[in-house]
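Listed here are the chains, written in short residue letters.
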Amino acid sequence: MSIEARAARWPAAEVSSIGAVCSAHFCSHFLQLALAPLFIMMRADLQVSFIELGLVLSVFYLFSGAGQVAAGVLVDRFGADRLLLAGILTQGAATAAMGFAPTYLLLLPLAALAGLGNSVYHPADLSILSHKVAAPRLGRAFAAHVIAGSIGFGLSPIVSGAIGAHFGWRTALIAMGLLVLLVGLLLAVFRGPLRAPAGRTAHAAAGGAPISFLQVLAMPVVLMAFLYFTLTSVALSGLQSFSIVALQEGFGAAVALATLAVALFQVGNTAGVAIGGHVADRSAQHHQIAMGGLAAAALFGFLAAWLQTAPEVTVGLIALVGFFMGLTTPSRDVLVRTAAPAGATGKVFGIVYSGFDIGSLVGPLLFGLMLDHHHPRMVIAGAAAALALAVGTAFAVRRRPG
């Protein structure tokens, strides 16, 4: 749908805010996968091992996950637009600086800096959308946010690999970092669509005292949302990162078919997000949507794990898992927004989205252990079990705290 057609039905201010936030989220994902396609070139040039290069990514995600909670607090204190612009400029500059790093050791602090820049996106993006978009359209706004990130993931390895193959890994990182830096500067110049009141200002307008981080952390509904994100992230890490090996070793799938399974999972997930945005805007029962979608995803996951059938059928079932997981995503974000007290949106999103990073750290250890012990079907079953456990957490996030 063109921007003009959307503007005809949506307020122009909302369209501008969604576009600006989606551009920022694209940048986050666009840089997250920039390094991986360049590892072979970096390994030869820097004379390091793949383990050492993997450590660069680990440092990035460690600082991104740890910084997300702090970013949520800063969003509420200083305003989401300031934090978001600072994050984009920091991540872009740090990535470009990696291209100039003369030694491997300098990549590590730059990765930490890039991770800190990346940590601001979810609490800032979702806080801005929560303030800028009316409730009847918030589900579709959250869906657009997710899809923009998915596009960034899809383009990142293609652009990085193409530039690296023709001009070298340093040029690839410099070019991609400078592109994001340019986007950040443009958003800073045209900052209006991103402006939102700081959390304490919004809470004062609502007639209440500022809510501290510890108060937010003590809310059972926030802890349940954190667990929700952790469990779904564990499932996602298993299906995205380990299903290719599992399908080959435990289901008799060829390499091409196993790779296709991950691609279809992503396509199904994106389609589910797009439809889920419309569903979320047409229902007030977001916890039922989240619970139903997670239950369906878990069911198809268990069927994929235990049915003795052709590998093509298993691949189709995995695609359905992706679809139903995606279907829940906009309702999930609306649920978290509903659970956030006035003036604490940044803190709530920062806490619950840090669960996503924790799941991304824990999941690979669990699924790697399953494969090391020659239980490939347990990879799919384990992901399904995590989704089944998440159903109960979705029910617990159904009400806004008093």
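Residues numbered from 1 in each chain as written. Predicted model: local features only at pLDDT ≥ 70, side-chain atom pairs only at ≥ 80, totals over all residues. Heavy atoms only, no water.

Draft legend 1. Highlighting the overall build of the protein chain. What the protein chain contains, in helices and strands, is 18 helices and 0 strands. Computed over C-alpha atoms, the radius of gyration of the protein chain comes to 21 Å, within 12% of the 21 Å expected from 2.2 N^0.38 for 402 residues, which places it in the range of a compact globule. Dimensions along the principal axes, computed over C-alpha positions, put the protein chain at roughly 60 × 50 × 45 Å. Partitioning the contacts of the protein chain with sequence separation of at least 6, the portion at a separation of at least 24 is 83%. About 16400 Å² of surface is accessible on the protein chain, with carbon and sulfur atoms providing 72% of the total. One finds the centroid of the 20 positive side-chain charges in the protein chain at a distance of 13 Å from the centroid of its 13 negative side-chain charges. (Helix = DSSP H or I, 4+ residues; strand = E, 2+ residues; numbered from the N terminus. Rg over C-alpha atoms; globule rule 2.2 N^0.38 Å. Contact = heavy atoms within 4.5 Å. Areas by Shrake-Rupley, 256 points an atom, 1.4 Å probe, with all protein chains shown as cover. Lys, Arg positive; Asp, Glu negative; His and termini not counted. Charge placed at Lys NZ, Arg CZ, Asp CG, Glu CD.)

Draft legend 2. The arrangement of the pattern of salt bridges in detail. The tally for this structure, following the rule as stated, stands at 6 salt bridges. Between E14 and R137 there is a salt bridge; the shortest N-O distance is 2.6 Å. Note that E14 is positioned in helix α2 (residues 12–32) and R137 in the loop between α7 (121–132) and α8 (138–167), a separation of 123 residues in sequence. Looking at E14, the relative accessible area reads 7%, which means it is buried. With its nearest N and O atoms 2.6 Å apart, the salt bridge here joins R140 to D281. Pair noted here: R140 is in helix α8 and D281 is in helix α14 (residues 255–281), with a separation of 141 residues, a long-range link. (Salt bridge = Lys/Arg side-chain N within 4 Å of Asp/Glu carboxyl O. Buried < 20%, exposed > 50% of the residue type's maximum accessible area, 1.4 Å probe, protein only.)

Draft legend 3. View of a nonpolar patch on the surface. Residues L179, L182, L186, V189 and F190 make up a contiguous nonpolar surface patch of about 510 Å² in total accessible area. Examined against the element boundaries, L179 turns out to sit in helix α9 (residues 169–189). (Patch = residues over 30% accessible without salt bridge, like charges linked within 9 Å, V, L, I, M, F, W, Y side chains within 5 Å.)

Draft legend 4. Quick look at the environment of V146. Relative to the helices and strands, V146 is located in helix α8. Spatially, the C-alpha atoms of V146 and F60 are 21 Å apart, while their sequence positions differ by 86 residues.

Draft legend 5. Main features of the packing of aromatic side chains. Per the stated rule, a full pass over the model turns up 8 aromatic pairs. Ring centres of F142 and F349 lie 6.5 Å apart, and the angle between their planes is 70°; this geometry places the pair in the edge-to-face category. On the criterion of sequence distance, the pair formed by F142 in helix α8 and F349 in helix α17 (residues 345–372) is long-range, its members being 207 residues apart. F142 sits in the buried class, given a relative accessible area of 0%. Ring geometry for F349 versus Y353: centroids 6.4 Å apart, planes at 40°, classification tilted. Pair noted here: F349 and Y353 are both in helix α17, with a separation of 4 residues, about one helical turn. (Phe/Tyr/Trp six-rings, centres within 6.5 Å; stacked < 30°, edge-to-face > 60°.)

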